[in-house]
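Listed here are the chains, written in short residue letters.
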Amino acid sequence: MNLKYNFLSLIFLIFLSSCNSDSSEVQPPQNVIEDPVSAFLVFPENHTECNEGTVVNETQSKVTFLWNASEHTDSYELVLTNKETVEISNFDLIDNSHEITLERGTSYEWYVISKSQESQETAKSETYQFFNAAPGIVNHVPFSAEAITPENNSIFTAISGNVTLKWEATDIDNDIKDYEVFFGVNKEELENKGVQSVSNLEVDVVSGTTYYWMIKTNDEKNNTSTSELFSFTIN
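Predicted, not measured: the structure shown is a model, and the values here were computed from it. (Residues numbered from 1 in each chain as written. Predicted model: local features only at pLDDT ≥ 70, side-chain atom pairs only at ≥ 80, totals over all residues. Heavy atoms only, no water.)

**Student:** Describe the overall build of the protein chain, naming the residues involved and giving the relevant values.
**Tutor:** Helix and strand content of the protein chain: one helix and 19 strands. Within the protein chain, buried positions represent 35% of all 235 residues. For the protein chain, the share of sequence-separated contacts (at least 6 apart) that also reach a separation of at least 24 residues comes to 65%. For the protein chain, the accessible area works out to roughly 14500 Å², and carbon and sulfur atoms hold 48% of it. (Helix = DSSP H or I, 4+ residues; strand = E, 2+ residues; numbered from the N terminus. Buried < 20%, exposed > 50% of the residue type's maximum accessible area, 1.4 Å probe, protein only. Contact = heavy atoms within 4.5 Å. Areas by Shrake-Rupley, 256 points an atom, 1.4 Å probe, with all protein chains shown as cover.)

See the structure below:
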């Protein structure tokens, strides 16, 4: 009887030892793919007049764009838009700086896309606007307005069937006079909601509908700028 008991106990101990050994096996490390992180733009700064750079001639100057190197990033795409001609230029880069020849006396906007060879994801920086200085310019075109609320391409909750559009615009000369608001459900035929002296406007909305809007900014010298087309959907 004791022999049988000892034999069963031995089998049980071997079984336990086998289980413990299996559970304690070290698993091989998994390869973790890190997505790139968005870059922080350094120069030209946002909503400023760019006086730095090398003058090429009366109409052009060279400006060096600079941003902080971002984590998990192998390359960058710098996207530059001439705000007057709406011409877009793309630059594929390895370094976090690049010199570009610009038109003087012209407004631009730019942003950087961070990319990685190990990830299909990309990361977009903020978008900055600046004015490339030129001699003889005594008054500047306002920078195009930016949507604050609702955020662009967002899903938004209305209050009692109303939404307050809020935007922000700046001018180097600090002489913004007023705004014209264009709003509607057909982005090809937006309704002019009239001239506004403040940077907000309450509009009526319907649940489940997508709305489009844009802002025209006017200054005291009759310079104007028009924002991009914003949109939001009421849930």
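This is not the end of the story, as more comes after the structure.
**Student:** Tell me what's going on with the pattern of salt bridges, and back it up with residues and numbers.
**Tutor:** Considering all chains together, one arrives at four salt bridges under this definition. A salt bridge links Lys115 to Glu77, with the shortest nitrogen-to-oxygen separation between them at 3.1 Å. On the criterion of sequence distance, the pair formed by Lys115 in strand β8 (residues 106–115) and Glu77 in strand β5 (residues 75–82) is long-range, its members being 38 residues apart. By relative accessible area, which is 14% here, Glu77 ends up buried. A salt bridge links Glu191 to Lys193, with the nearest nitrogen and oxygen atoms 3.9 Å apart. (Salt bridge = Lys/Arg side-chain N within 4 Å of Asp/Glu carboxyl O.)

**Student:** Describe in detail the side chain of Ser70, supporting the description with residues and values.
**Tutor:** Structurally, Ser70 is set in the loop between β4 (60–67) and β5. Apart from the residues within four sequence positions on either side, Ser70 is in contact with Val37, Ser38, Ala39, Tyr76 and Ser114.

**Student:** Report on the environment of Phe131, specifying residues and quantitative values.
**Tutor:** Here Phe131 is to be found in strand β10 (residues 128–132). Residues Phe131 and Thr106, 25 residues apart in the sequence, show an inter-C-alpha distance of 5.7 Å. Beyond its immediate stretch of four places on either side in the chain, Phe131 contacts Thr48, Glu49, Cys50, Gly105, Thr106, Ser107, Ile137, His140, Phe143 and Ile172.

**Student:** Explain a negative patch on the surface to me, and be specific about the residues and the numbers.
**Tutor:** Negative charge collects at one region of the surface, where Glu34, Asp35, Glu71 and Glu121 lie side by side. Following the sequence through the fold, Glu121 ends up in the loop between β8 and β9 (123–124). Since its relative accessible area comes to 47%, Glu121 is described here as partly exposed. (Patch = residues over 30% accessible without salt bridge, like charges linked within 9 Å, V, L, I, M, F, W, Y side chains within 5 Å. Lys, Arg positive; Asp, Glu negative; His and termini not counted. Charge placed at Lys NZ, Arg CZ, Asp CG, Glu CD.)

**Student:** Describe the sheet that holds strand β13 (residues 162–168), listing the residues and the values that go with them.
**Tutor:** One open sheet holds the three strands; their spatial order is β11-β13-β16, and the pairing between them is antiparallel. At either end of the open sheet lies a strand with only one pairing partner, and these are β11 (146–149) and β16 (200–204). In this sheet, neighbouring strand axes are inclined to one another by 35 degrees on average, regardless of whether the strands run parallel or antiparallel. Where β13 lies against β16, five bridges are found, and the strand directions are antiparallel. Opposite Thr164, over in β16, you have Glu202 as the bridge partner. (Pairing = 2+ DSSP bridges. Axes fitted to C-alpha atoms, helices over the stretch in contact; angles between N-to-C directions.)

**Student:** Please provide a residue-by-residue account of unusual backbone geometry, values included.
**Tutor:** Geometrically, the link from Phe43 to Pro44 is a cis peptide bond, its omega value of 0 degrees lying close to zero. Geometrically, the link from Thr149 to Pro150 is a cis peptide bond, its omega value of -10 degrees lying close to zero. Inspection of the secondary structure assignment puts Pro150 in the loop between β11 and β12 (154–156). Positive phi, close to 55 degrees, is recorded for His47, a residue that is not glycine. With respect to the helices, strands and loops of the structure, His47 is situated in the loop between β1 (41–43) and β2 (48–50). Residue classification places His47 among the partly exposed positions, given a relative accessible area of 23%. Phi at Asn222 takes a positive value of approximately 65 degrees, unusual for a residue other than glycine. Relative to the helices and strands, Asn222 resides in the loop between β17 (210–219) and β18 (224–226).

**Student:** Describe the pairing of β4, naming the residues involved and giving the relevant values.
**Tutor:** Only one face of β4 is covered, namely the one carrying Ser61, Val63, Phe65 and Trp67; the face carrying Gln60, Lys62, Thr64 and Leu66 has none of its residues buried. Pairing analysis gives two bridges linking β1 to β4, with the strands arranged antiparallel. In the strand pairing of β4, Phe43 is matched with Leu66. Looking at chain direction, strand β3 (residues 54–55) and β4 are connected through two bridges and run antiparallel. Each residue of the ladder has a partner; that of Val55, found in β4, is Ser61.

**Student:** Just give me the short version of the side chain of Asp171, but keep the residues and values in it.
**Tutor:** By secondary structure assignment, the location of Asp171 is in the loop between β13 and β14 (176–184). Among buried charged residues, Asp171 stands out as having no salt bridge; its nearest opposite-charge side chain is Lys221, 11 Å away. Among the polar contacts listed, one links the side chain of Asp171 to the backbone nitrogen of Asp173, at a separation of 2.7 Å. (Polar contact = N/O pair within 3.5 Å; in protein donor to acceptor, adjacent residues only side chain to side chain.)

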